[in-house]
Amino acid sequence: MSDEDDSPLVPPAFRPPGQGATPLFLDTSGLYPYFDTHSPVAEAATQFMQALPDLPYRPLLTNQYVVDELITLLDSHVNHATATRAFETLRDSEAIHSLDVSDDLFWAAGEQFCAYDDHTLSFTDHLISIHARRENAEHILTYDPDDFATLGLTPIPRA
């Protein structure tokens, strides 16, 4: 780990799990507090996002469903200007790759959703988990850690 990884600006719960590149999938709940300054975890999320260029999380991935969900939530819970800023930030980012959701991926998520009849996980969470695994991303930026741990992903920030 580099000296930057030990910086007090990076909350310990966000520090990479090891050395070298660590693919990271970005969930709606992980991105939301960066844009909603009134979120109780906005400060930590902002510190993490600002430190990302110095951390070995690569690649940074998300998908169309996450972007849709994020923009919709920000528009309804914050305001249209913030939702627009989030959309433009993700659209214009050179670091964050927004992946297409193929028909195959969509239907695989539906199969997994149907199989988890004893959990109350969203369809989008299932879609994210399958997409992350297909992209070899075992870590996910999320504030829904139990949901994604159930689906086999390692949540960042760590508790």
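Residues numbered from 1 in each chain as written. Predicted model: local features only at pLDDT ≥ 70, side-chain atom pairs only at ≥ 80, totals over all residues. Heavy atoms only, no water.

Draft legend 1. Helix H6 (residues 123-134), seen in detail. Here H6 spans 17 Å end to end across 12 residues, near enough to the 16 Å set by a 1.5 Å rise per residue. Of the positions making up H6, those classed as buried are Thr 124, Asp 125, His 126, Leu 127, Ile 128, Ser 129, Ile 130, His 131 and Ala 132. Just downstream of H6, Asn 136 is the residue with a positive phi angle, here 60°. (Helix = DSSP H or I, 4+ residues; strand = E, 2+ residues; numbered from the N terminus. Expected span 1.5 Å × (residues − 1). Buried < 20%, exposed > 50% of the residue type's maximum accessible area, 1.4 Å probe, protein only.)

Draft legend 2. Examining the sheet that holds strand S1 (residues 22-26) more closely. Spatially, 5 strands are ordered S3-S2-S1-S4-S5 in an open sheet, and the strand pairing comes out parallel. A single partner strand is all that each edge strand has here, and the edge strands are strand S3 (96-99) and strand S5 (154-156). Sheet twist, expressed as the average angle between the axes of neighbouring strands with direction ignored, equals 35°. In this sheet, strand S4 (residues 139-141) lies alongside S1 in parallel orientation, the contact comprising 3 bridges. When the bridges of S4 are listed, Phe 25 appears paired with Ile 140. (Pairing = 2+ DSSP bridges. Axes fitted to C-alpha atoms, helices over the stretch in contact; angles between N-to-C directions.)

Draft legend 3. Fine view of the nonpolar core. Judged by nonpolar contacts, the single largest core of 35 residues is most densely connected at Leu 24, Phe 25, Phe 48, Tyr 57, Leu 70 and Leu 141. Per element, the largest residue contribution to this core is 4 residues, and it comes from helix H3 (residues 64-77). If we skip the residues at most four places from it in the chain, Phe 25 touches Leu 61, Thr 62, Asn 63, Val 66, Leu 99, Ile 128, His 131, Ala 132, Ala 137, His 139, Ile 140 and Leu 141. One finds Val 101, Leu 105, Leu 127 and Ile 130 within the second-largest nonpolar core, a separate group that totals 5 residues. (Core = buried A, V, L, I, M, F, W, Y, C linked by side-chain atoms within 4.5 Å. Contact = heavy atoms within 4.5 Å.)

Draft legend 4. Expanded view of the packing of aromatic side chains. All told, the structure shown has 7 aromatic pairs when counted by the stated rule. A centroid spacing of 4.9 Å and a plane angle of 85° characterise the contact between Phe 106 and Trp 107, whose relative ring orientation is edge-to-face. Under the relative-accessibility criterion, Trp 107 is labelled exposed at 58%. The interplanar angle of 55° and the centroid separation of 5.2 Å between the aromatic rings of Phe 106 and Phe 123 together place this pair among those described as tilted. Pair noted here: Phe 106 is in helix H5 (residues 103-115) and Phe 123 is in helix H6, with a separation of 17 residues, a long-range link. In this structure Phe 123 comes out as partly exposed when scored by relative accessible area, which is 24%. In textbook terms, an aromatic cluster arises when at least three aromatic residues are bridged by ring pairs, as seen for Tyr 65, Phe 106, Trp 107, Phe 113 and Phe 123. (Phe/Tyr/Trp six-rings, centres within 6.5 Å; stacked < 30°, edge-to-face > 60°.)

Remember, this is a structural readout, not a statement about activity or role.
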